[in-house]
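# Structural characterization, general
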Amino acid sequence: MSSWMLGGSKVKQQIHGREMKPDSTTTHESETLREVSIRLFQVVMGLTERGHHKEDDEAGDAGDAGQLFHLHDQDTDEAKAPGADGRPRATTGRPADEEVSSDSETESPLLGRRRREAAEEEVEETPQEKKLRLAKQYLEELRQLEEERAEEEEELEPADLIGDRLKEDVLEQKGRLQRLIAKDAPGADGRPRATTGRPADEEVSSDSETESPLLGRRRREAAEEEVEETPQEKKLRLAKQYLEELRQLEEERAEEEEELEPADLIGDRLKEDVLEQKGRLQRLIAKDVLPPDPARIRVLRGHQLPVTCLVISPDDRFIFSASKDGSLIKWEVDSGKRLCVVPGGKKGTEERHMGHASHVLCMAISSDGKYLATGDRNKLIMIWDAATCKRLHIFTGHRDAVSGLSFRKGTHQLYSASHDRCVKVWDVGENAYVETLFGHQDIITGLDSLSRECCVTAGGRDGTVRLWKIPEESQLVFSGHQGSIDCIQLINEEHMVSGADDGSLALWGLMKKKPLVLVRQAHGEQDDQGLQQPYWISAVAALRNSDLLATGSHSGSVKLWKSGEGFRKLEHLLDIPLVGFVNSLKFSAAGDFLVAGIGQEHRLGRWWRIKEAKNSICIIPLKQKTTASSPESPGSS
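Residues numbered from 1 in each chain as written. Predicted model: local features only at pLDDT ≥ 70, side-chain atom pairs only at ≥ 80, totals over all residues. Heavy atoms only, no water.

## Thoughts on the overall build of the protein
The condition that has to hold: Comment: elements are numbered from the N terminus, with helices defined as DSSP H or I runs of at least four residues and strands as E runs of at least two. Any residue under 20% of the maximum accessible area for its type is buried, any over 50% is exposed, and the rest in between are partly exposed; the area is computed with a 1.4 Å probe on protein chains only. We call two residues in contact whenever any of their non-hydrogen atoms come within 4.5 Å of each other.
When you go through the protein residue by residue, the secondary structure sums to 10 helices and 36 strands. Buried positions account for 42% of the 637 residues belonging to the protein. Residue pairs at least 24 apart in sequence account for 53% of intrachain contacts in the protein once pairs closer than 6 positions are excluded.

## Describing the sheet that holds strand E14 (residues 402–407)
Rules: Note: two strands are recorded as paired if DSSP finds a minimum of 2 bridges between them. Each axis is a line fitted through C-alpha atoms, taken for helices only over the stretch in contact, and angles between the N-to-C directions span 0 to 180 degrees.
Across the sheet, which stays open at both edges, the four strands sit in the order E14-E15-E16-E17 with antiparallel pairing between neighbours. Two strands bound the open sheet, and with one partner strand each, they are E14 and strand E17 (432–438). Looking at each pair of strands side by side, their axes are set apart by 20° on average, direction ignored. Judged from the six bridges that link them, strand E16 (residues 422–427) and E17 form a sheet pairing that is antiparallel. Residue Trp-426 lies in a different strand from E17, and its bridge partner there is Tyr-433.

## Notes on the sheet that holds strand E8 (residues 328–332)
Within the open sheet, the four strands sit side by side as E6-E7-E8-E9. Their pairing is antiparallel. Each end of this open sheet is capped by a strand with a single partner; those strands are strand E6 (307–312) and strand E9 (338–342). Here the average twist between neighbouring strands, direction ignored, is 15°. Note that E6 and strand E7 (residues 318–323) share five bridges and pair antiparallel. The residue bridging Val-307 from the neighbouring strand is Ser-323, located in E7.

## Here we look at the state of the cysteines
Cysteine pairs can be covalently joined through their sulfur atoms, and such a bond is termed a disulfide. The condition is simple: In plain terms, two cysteine sulfur atoms within 2.5 Å form what is called a disulfide here.
The tally for this structure, following the rule as stated, stands at zero disulfides. Note on Cys-309: no disulfide assigned, nearest cysteine sulfur contributed by Cys-362 at a separation of 6.4 Å. Given a relative accessible area of 5%, Cys-309 falls into the buried group. Residue Cys-362 is classed as buried on the basis of its relative accessible area, which comes to 6%.

## Some points on the pattern of salt bridges
Rule in force here: Just to be clear on terms, a salt bridge is a Lys or Arg side-chain nitrogen sitting within 4 Å of an Asp or Glu carboxyl oxygen.
Counted by the stated rule, this structure contains 15 salt bridges. Between Arg-143 and Glu-140 there is a salt bridge whose closest N-O contact spans 2.4 Å. Taken together, the residues Arg-143 and Glu-140, both in helix H6 (residues 127–155) and three residues apart, mark about one turn of the helix. We note a salt bridge from Glu-251 to Arg-247, for which the minimum N-O separation is 2.4 Å. Of the two residues, Glu-251 and Arg-247 are both situated in helix H9 (residues 231–259); the distance of four residues between them amounts to about one turn of the helix. One salt-bridge network, in which partners are shared between bridges, spans Lys-324, Glu-601, Arg-606 and Arg-609.

## Some points on the confidence of the model for the protein
Formally: Across the chain, each position has a pLDDT score giving the predictor's confidence in that residue, from 0 to 100.
Within the protein, residue pLDDT values average 76, and 63% of them lie at 70 or more. Predicted confidence is poor over residues 1–26, with pLDDT under 50, and the contacts of this stretch with residues over four places away or in other chains come to 42 contacts. Segment residues 51–106: pLDDT under 50, and 100 contacts once partners within four positions in sequence are set aside and those in other chains are kept.

## Observations concerning the pairing of E7
Counting buried residues along E7, six of its six residues qualify, which places the element largely inside the surrounding structure. The two faces of E7 match: Phe-318, Phe-320 and Ala-322 on one face and Ile-319, Ser-321 and Ser-323 on the other face are all buried. Where E6 hands over to E7, the hairpin turn is made up of five residues, of which Asp-316 adopts a positive phi near 65°. Where E7 and E8 come together, five bridges link them in antiparallel fashion. When the bridges of E8 are listed, Ile-319 appears paired with Trp-331. The turn joining E7 and E8, which pair antiparallel and follow one another in sequence, is formed by four residues; a positive phi near 85° is taken by Gly-326.

## Structural notes on the pairing of strand E27 (residues 531–534)
Here strand E26 (residues 525–528) pairs with E27 via four bridges, running antiparallel. Within E27, the position partnered with Glu-525 by the bridge is Pro-534. Between E26 and E27, which follow one another and run antiparallel, lie two residues, and Gln-529 among them has a positive phi close to 55°.

## Remarks on the packing of aromatic side chains
Applied cut-off: What counts as a ring pair is set by centres within 6.5 Å for rings of Phe, Tyr and Trp (its six-membered ring), and what kind of pair is set by the plane angle: stacked under 30 degrees, edge-to-face over 60, tilted for all other angles.
Evaluation of the coordinates by the stated rule reveals six aromatic pairs. Ring plane angle 70° and centroid distance 6.1 Å describe the contact between Phe-478 and Trp-508, whose orientation is recorded as edge-to-face. One end of the pair, Phe-478, is in strand E21 (residues 474–479); the other, Trp-508, is in strand E24 (residues 505–509), with 30 residues separating them in the sequence. Trp-508 carries the same exposure label as Phe-478, and that label is buried. For the ring pair Trp-536 and Trp-608, a centre distance of 4.8 Å and an interplane angle of 75° mean the geometry is edge-to-face. Pair noted here: Trp-536 is in the loop between E27 and strand E28 (539–542) and Trp-608 is in the loop between strand E33 (593–599) and strand E34 (616–621), with a separation of 72 residues, a long-range link.

## Remarks on the nonpolar core
Our working rule: Only buried Ala, Val, Leu, Ile, Met, Phe, Trp, Tyr and Cys residues count toward a nonpolar core, and they belong to the same one when joined by side-chain atoms within 4.5 Å.
With 23 residues, the main nonpolar core has Leu-548, Ala-550, Val-558, Leu-560, Leu-585, Phe-587 and Leu-594 as its most contacted residues. Mapped by element, the contributors of at least two residues to this core are E28, strand E29 (548–552), strand E30 (557–564), strand E31 (569–577), strand E32 (581–587), E33 and E34. Beyond its immediate chain neighbours, meaning those up to four positions away, Val-558 contacts Ala-550, Thr-551, Leu-574, Asp-575, Ile-576, Leu-578, Val-582, Leu-585 and Leu-594. Counting 17 residues, the second largest nonpolar core, distinct from the first, contains Cys-309, Leu-328, Val-342 and Ile-365.

Okay, here's the thing in structure tokens:
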């Protein structure tokens, strides 16, 4: 700052080469000019403090403000140059003979140009006009400095600004980006809009917390409404806003849960798929099954002769059953009503009559529930539309009674077994015959399959169970029963269960030729004309990929079993009383009920007749203590 502003140095000025002291008039003008300069400095510093809060900006602005007080120094330099008449040029508001201190700072080129323009105009200014002009010049220079600073920030973008922009991109993709710009928009009068509850000129600390967008929006809405509320109305409004916010949070949480399925749940499903493909999936639910209430067992009657076979639709809504009278009935599980009945006809009328004209021994339904297949003693296989019970096609080719049928899971490929000791493969979708497989030495009494391109059969009196590998046209032979093997079913891709007329129940692994476990006289013995004979096992059922099994005979009950220790143990669970020959058993896909086909006679013959039995369908509800346990991977067998 120049010496004449501080008022502490001697004022000297040299005119025409001689030194002279300032007179009283010059001293009075210098004091007046110093007072004006000090007031201008205070005005400018006041404006600066209002516009900027950071200390580094205040220091920079104060340095810029100091340049305003060198305006008179520049006028002195111009005054040294002689005018047109050879005399020194007089500067506005400063004596021509005033000495300028040698330590005055150099002013900016912009201020010098503006000062020269003002000097050329030679307009006399009042002190107030001069203050206003200098303040405008200072503000203009500040604006230019801010523009230059902004350009530098755009060229060199700081890392934290890049992070903020990346954060904004992520929020924008999730639909949660909300820029708070409405509060900074000017009002109708052109002045900045003041935020509700805060003065427009109030200083805000740099470490103050940013309010949430939801609260800001509500505060602005409340300010725009400008409605006087009673305390009760205010409480009600705030309560509604709080409930709305809770509802939105719950919706967002639900959407996130749907989008991001828990990793452990995905892992469990993948584990189940792998175990199922390997044939090692076993859901442990048998220990939780409760004995059913006999009063809750529903009996559906409609067949005139013994029921020989039945199947349940994949969605567990319908039951299809067939009988020795050749009839076919479709039942509704929930109501027990007969939705469709196809009566049996006389032998030789198959072409004119829609249904079978002889005993129906077996049936199967495709995994998509589209096709139903039935086989009879008259060597015919009939294909039906499962929805309408309309006959679609008849397959011929077997030379004896058709005793076993099964669809390969996930396809319309059909396997059939017959008393002619062969297995045939059909393509139902194309109404085509594929091939025939030979191997059994006696009649085939049962057949089953899953998703692999293979099937298993029970060989009756030849005492063998066989696994047929269709692509390789090869077979594996298993033996262990001593009597005729009358029924068989797969538990999973690697294990199966079978029953024989010697009363034995066998559990097999496809990698071993002998049973993993064999239970003899599973249903006990009967006294037949003084001879003790075991009750024949006439039907077996397995809940897929679980440890729950069921067996039927004419002993007066259906037995439930638990398979444990890696399918190496069979444990009897409970008995369900049923009178008659249990010719067929099926679990529902969900495992919540068991269906039994009851008859007065055995499915394959008339060795005994139980007169007190009813030819019917029995639906047995199954209840569990708790939810089934998680899957277990049994050891290799």
